[in-house]
Amino acid sequence: MSEKSEKSVSTEPRLSVFKTYKLYVGGKFPRSESGRVYEVSDSKGNWLANAPLSSRKDARDAVVAARKAFGAWSSATAYNRGQILYRIAEMLEGRREQFVREVAESEGLSKAKAAAQVDAAIDRWVWYAGWTDKIAQVVGGANPVAGPFFNLSSPEPTGVVAVLAPQESSFLGLVSVIAPVIATGNTAVVIASENAPLPALSLGEVLATSDLPGGVVNVLSGRTAEIAAPLAAHQDVNAIDLTGADEALAKELEIAAADNLKRALRPQPVDYVATPGIERLTAFLETKTVWHPTGSLGASGSSY
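Residues numbered from 1 in each chain as written. Predicted model: local features only at pLDDT ≥ 70, side-chain atom pairs only at ≥ 80, totals over all residues. Heavy atoms only, no water.

A. Looking closely at the overall build of the chain. Each helix and strand counted, the chain has 10 helices and 12 strands in total. Principal-axis analysis of the C-alpha atoms gives the chain an extent of 105 × 60 × 35 Å. Residue burial in the chain is summarised as follows: out of 304 residues, 45% are buried. Expressed as a percentage of contacts within the chain between residues at least 6 apart in sequence, the contacts between residues at least 24 apart total 76%. (Helix = DSSP H or I, 4+ residues; strand = E, 2+ residues; numbered from the N terminus. Buried < 20%, exposed > 50% of the residue type's maximum accessible area, 1.4 Å probe, protein only. Contact = heavy atoms within 4.5 Å.)

See below:
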């Protein structure tokens, strides 16, 4: 009986495989059409990665993808949207360690504090997933009117929403502004944190494998002011969340957004750790009211 030779494990040094971060547009992962990138550093100035530097053309492409996805996503049942959002939370849980590392490096947090941020973000997805089939019961209903009519109000999504993600909270804040937009049936074009875009770009990889239709969420990275300007002026964008803009930029974007009467959510101080409430769910909802005759009212009462 021959002896089995033991295979020795190579101890030679190897090259690290660096991750190539890409945009997430229309369910695909393109590089910026400009071919540009910019350096992303950690809180100590150490290089982390090269991120795509999105152009105006990338922003326009993202709007086209979001509009294309809006019809099917907005007409999907609230129950189905809730299932898909819950699936996103499941996928985030499976890649928890990656996000902990990226958040810790991006925000200069300890591993324990970064883990707490990531756990809170995953819980936030679950929380919004549970609201998809309940928000209509809270903000809709039957209205009393003087006349032989049924008068019913129901919420409907606004449309394509441009979202400027928070600059400081690279993941928990990001989740807190994306999840309520898509939970209510809108589609989104998201501009990631300029200095800490890596968690947002990695989120795109999660969304691509979580049953979310392509184009419902589109993630761009780069200079916030450069990408936000064409989105604010875009005639096919219905609303804009200015959370990630400073005071001067927010004012400029709000003026541009007024050209086609976009709904604009102004930036305001937010404690992302606290329970968010339903304000962001209702921020990008329209109310449709339907009148339906019940019949004539006579001396003997109403008839249908």
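B. Structural view of the nonpolar core. By size, the foremost hydrophobic cluster in this structure holds 62 residues, and its most contacted members are L92, W125, F171 and V217. Every residue in contact with V217, bar those within four places of it in the chain, is listed here: Y24, I178, I182, A188, V190, L207 and L212. (Core = buried A, V, L, I, M, F, W, Y, C linked by side-chain atoms within 4.5 Å.)

C. Region of the structure containing the packing of aromatic side chains. Counting across every chain of the model gives six aromatic pairs. Seen from their ring centres, Y24 and F29 are 5.2 Å apart, and the 35 degrees between their planes marks the pair as tilted. For F29, a relative accessible area of 33% translates into the label partly exposed. Centroid distance F149 to W291: 5.6 Å. Interplanar angle 75 degrees. Geometry classified as edge-to-face. With F149 in strand β4 (residues 149-157) and W291 in strand β10 (residues 285-293), the pair connects residues that are 142 residues apart, well separated along the chain. On the basis of relative accessibility, which here comes to 37%, the residue F149 falls in the partly exposed class. Each member of the aromatic cluster is reached from another via a ring pair, and the members are W127, Y128 and W131. Directly above the aromatic system of F70 lies the positively charged group of R67, at a separation of 5.6 Å from the ring centroid. (Phe/Tyr/Trp six-rings, centres within 6.5 Å; stacked < 30°, edge-to-face > 60°. Lys NZ or Arg CZ within 6 Å of the ring centre and 35° of its normal.)

D. Region of the structure containing helix α1 (residues 56-75). Taking 1.5 Å of rise per residue, the 20 residues of α1 would be expected to cover 28 Å, and the 29 Å separating its terminal C-alpha atoms lies within 8% of that figure. Of the positions making up α1, those classed as buried are D58, A59, A62, V63, A65, A66, A69, F70 and W73. (Expected span 1.5 Å × (residues − 1).)

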